[in-house]
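Observations on chain architecture
Residues per chain, in single letters:
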Amino acid sequence: MVEIFDCWNVSFVSVTQQFNTTTSMGRLTLNVLLSFAQFEREVTGERIRDKFAASRKKGMWMGGFVPLGYEAKDRKLVIIEKEADLVRSIFRRFARGKPATDLVRTLGQEGARTKSGKPIEKGMLYRILSNRVYLGEAVHKGMAYPGEHKAIVDRRLWEAVHAVLKESPRKRANIARAQTPALLKGLIF
């Protein structure tokens, strides 16, 4: 701040506090005040981060994007059954080996939508399949904690989906392509 004042050849004079940035004592006082202000800002930030982390470890919903299948009420996630049925259906279909592209197409034909009313795309599909909130967990900085909300999918279904996801995406795509009749398949390279 003092450097900005110097660049513009201005000084700060306080009538009530009795300091002036044109004197060395005034600059020292201003720098001390600025240092304490920065310290207080950093301490406040640390307190907020610590409080947020402690709340997440308790499984509390701390705001943000509310996942499909839930709504936020009184700082808690509450299941919306119609959306939860859609989420369960997505998990079950994917666990059975339905390719993501086909699943997205099927969901579009069925009129499935996100919370914002948009059709479910492949990126959204993978975000749904990897969101641990659906297991009833709260995640903070990569660590999962038991959440205060109810799970939409059970652990067995979650693990079945993630076993499929562990397979190479190319291998899964090749399986889907193999089921598609292609007239010139293997003839053109």
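Above this text sits the structure in question.
Looking now at empty space enclosed by the protein. In this structure the tally under the stated criterion is one cavity of 30 Å³ or more. Estimated volume of the largest cavity: approximately 30 Å³. Along the walls of the largest cavity sit Arg 56, Gly 59, Met 60, Trp 61, Leu 77, Val 133, Glu 137, Ala 138 and His 149, which together make up its complete lining.

Tallied over the entire structure, the rule returns four aromatic pairs. Ring centres 6.1 Å apart and planes at 70° place the aromatic pair Phe 91 and Tyr 134 in the edge-to-face group. Of this pair, Phe 91 sits in helix H3 (residues 81-95) while Tyr 134 sits in the loop between helix H5 (122-130) and strand E5 (137-140), and the two are 43 residues apart along the sequence. Residue Phe 91 shares its accessibility class with Tyr 134, and that shared class is buried. Taken together, Tyr 70, Phe 91, Tyr 134 and Trp 158 form an aromatic cluster joined through their ring pairs.

Take the pattern of salt bridges next. Under the criterion given, the structure shown has 10 salt bridges. Notably, a salt bridge pairs Lys 115 with Glu 83, separated by 2.8 Å at the nearest N-O pair. Here Glu 83 lies in helix H3 and Lys 115 lies in the loop between helix H4 (100-110) and H5, a separation of 32 residues in the sequence. Residue Asp 85 is joined to Arg 88 by a salt bridge in which the shortest nitrogen-to-oxygen separation is 2.8 Å. Taken together, the positions of Asp 85 and Arg 88, both in helix H3 and three residues apart, correspond to about one turn of that helix. On the accessibility criterion, Asp 85 (40% relative accessible area) is partly exposed. Look at Arg 88 and you get buried, because its relative accessible area is 18%. The network of salt bridges with shared partners includes Glu 81, Asp 85 and Arg 88.

Since the α-helix turns once every 3.6 residues, residues separated by three or four places project in the same direction. All of the buried residues along H4 are Ala 100, Leu 103, Val 104, Thr 106 and Leu 107. What you see down the axis of H4 is that its buried residues fit within an arc of 165°, all on one side. Elements that come into contact with the buried residues of H4 comprise H3 and H5. Within two residues after H4, Gly 111 carries a phi angle of roughly 85°, on the positive side.

Turning to its location among the elements, Arg 93 is positioned in helix H3. Residue contacts for Arg 93: discarding those within four places in its chain leaves Lys 98, Leu 103, Thr 106, Leu 107 and Glu 110.

The rules behind each value
- Residues numbered from 1 in each chain as written.
- Predicted model: local features only at pLDDT ≥ 70, side-chain atom pairs only at ≥ 80, totals over all residues.
- Heavy atoms only, no water.
- 1 Å grid on protein atoms, 1.4 Å probe; cavity = no way out; pocket = protein on both sides within 12 Å on 5 of 7 lines; lining within 4 Å.
- Points joined across faces, edges and corners; volume = space filled by probe spheres on them.
- Phe/Tyr/Trp six-rings, centres within 6.5 Å; stacked < 30°, edge-to-face > 60°.
- Helix = DSSP H or I, 4+ residues; strand = E, 2+ residues; numbered from the N terminus.
- Buried < 20%, exposed > 50% of the residue type's maximum accessible area, 1.4 Å probe, protein only.
- Salt bridge = Lys/Arg side-chain N within 4 Å of Asp/Glu carboxyl O.
- Arc of directions from axis to C-beta.
- Contact = heavy atoms within 4.5 Å.

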